[in-house]
Amino acid sequence: MQELHDAPLAPLTTFRLGGPATRLITATTDAEVIAAVREADDTGTPLLLIGGGSNLVIGDKGFDGTALHIATRGVLLDGTTLDIAAGEIWTDAVARTVEAGLAGVECLAGIPGSAGATPIQNVGAYGQEVSSTITEVTAYDRRSRETVTLTNADCAFSYRHSRFKAEPERYVVLRVRFELEDAGGLSAPLRYAETARALGVEAGDRVPLVTARDTVLKLRAGKGMVLDPEDHDTWSAGSFFTNPILTDDEFAAFRARVADRLGDAAEPPAFPAGEGRIKTSAAWLIDKAGFTKGYGTGPARISTKHTLALTNRGEATTEDLLALAREVVAGVREAFGVTLVNEPVTVGVSL
């Protein structure tokens, strides 16, 4: 277990932003993770958990406490069951499942971050969510001070949400277990229209696993959503805002605002999100409110490839990023009456 003091946290995040931590511990085993968490709890020290750093916005003043970098390793494939340590790199895990001919997470290729973060955010993209394949999560419960196993139902998954996100001070994810599908080298049925179009097939069709994975990687790269140290469009947290989910009444009011602003022929994106609820597109809202690709003149700007990504162009501060985010939120609210919600976790700052 490595321990550093007054340690910079920006290099541990994909934004490359944020000040130092009073203390930074890097844990490589579950026992080290638990020991560090218990010590912080016993001494009343604020604790910040860091995995891949792809979903963190850390304030410029840093973190006054202990930052725990979870760098545990271990991947076990047993038949169609994948058991993976929280600190494993998620993109590598997806590659392993594709190589093994197992379907279920191939459309989640290229998503930065660690495996342990996937159940917290219920990570999803291109028609797949981890909640569809996770069977259980092993975690340290800071309340009971013991290691517990939570079933899929226990995790209370919903759109970009989970029990872990609802109770951020309680659980520390240690391992995640997935149940995948052996479909003879084919992908799970494609559920996302953009992916199906790119492959020239219909939604619901299956394609070779490698083809599905490579197509998703190409789509993500085209939007600056695959990490590349030389490309500032990838110095981001991916999608900065979640897609709004509106009630039927809220969506009707939203459509009226769209018609007033864009004309009666304009139709906003709409996707079923459960009874009486409709999901629309944050990227569409941002673009139609006037925040187009590349928007901004400072060191923090909207990606030149995707309106949903806010980026550090190399010299930004966290306050630069937050100023841009607040401008986008205010502009979308004024234009359409919809309030965007940030997807990354903020540390020491807020929108």
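In this text, all values refer to a predicted model and were calculated from it rather than measured experimentally.

K.L.:
Which parts of the structure should I look at to understand the sheet that holds strand 1 (residues 2-8)?
P.N.:
Within a sheet, each strand pairs with its neighbour through backbone hydrogen bonds, oriented either parallel or antiparallel. The strand order 1-2-5-3 describes an open sheet built from 4 strands, whose pairing is mixed. Two strands bound the open sheet, and with one partner strand each, they are strand 1 and strand 3 (47-50). Taking each pair of neighbouring strands and ignoring which way they run, the sheet shows an average axis angle of 25°. Looking at chain direction, strand 1 and strand 2 (residues 20-27) are connected through 6 bridges and run antiparallel. When the bridges of strand 2 are listed, Gln 2 appears paired with Thr 26. Strands strand 2, strand 3 and strand 5 (63-70) of the sheet are contacted by helix 1 (residues 30-43), whose axis makes an angle of about 145° with strand 2.

K.L.:
Looking at this model, I keep getting lost on the layout of surface pockets. Mind explaining?
P.N.:
Sizing a probe to match a water molecule and rolling it over the atoms shows the empty space that remains. A volume near 280 Å³ is recorded for the second largest pocket. In terms of residue class, the lining of the second largest pocket is made up of 7 nonpolar, 9 polar and 1 charged.

K.L.:
Would you explain the environment of Gly 224 in this entry?
P.N.:
Looking at the secondary structure, you find Gly 224 in the loop between helix 6 (209-222) and strand 15 (245-247). A residue is classified by how much of its surface remains accessible, and Gly 224, at 3% relative accessible area, is buried. C-alpha of Gly 224 to C-alpha of Gln 128: the two residues are 96 residues apart in sequence and 19 Å apart in space. Ignoring anything within four residues of it in the chain, the contact list for Gly 224 reads Asp 233, Thr 234 and Lys 305.

K.L.:
Before we go on, may I ask you to explain the sheet that holds strand 16 (residues 271-272) in this structure?
P.N.:
With respect to topology, 3 strands assemble into an open sheet ordered 15-17-16, the strand pairing being antiparallel. Lying at the two open borders of the sheet, with one neighbouring strand each, are strand 15 and strand 16. In the packing of helix 7 (residues 248-262) onto the sheet, the strands contacted are strand 15 and strand 17 (277-279), and the crossing angle to strand 15 comes to about 100°.

Scoring rules and cut-offs
- Residues numbered from 1 in each chain as written.
- Predicted model: local features only at pLDDT ≥ 70, side-chain atom pairs only at ≥ 80, totals over all residues.
- Heavy atoms only, no water.
- Pairing = 2+ DSSP bridges.
- Helix = DSSP H or I, 4+ residues; strand = E, 2+ residues; numbered from the N terminus.
- Axes fitted to C-alpha atoms, helices over the stretch in contact; angles between N-to-C directions.
- Contact = heavy atoms within 4.5 Å.
- 1 Å grid on protein atoms, 1.4 Å probe; cavity = no way out; pocket = protein on both sides within 12 Å on 5 of 7 lines; lining within 4 Å.
- Points joined across faces, edges and corners; volume = space filled by probe spheres on them.
- Nonpolar A, V, L, I, M, F, W, Y, C, P; charged D, E, K, R; others polar.
- Buried < 20%, exposed > 50% of the residue type's maximum accessible area, 1.4 Å probe, protein only.

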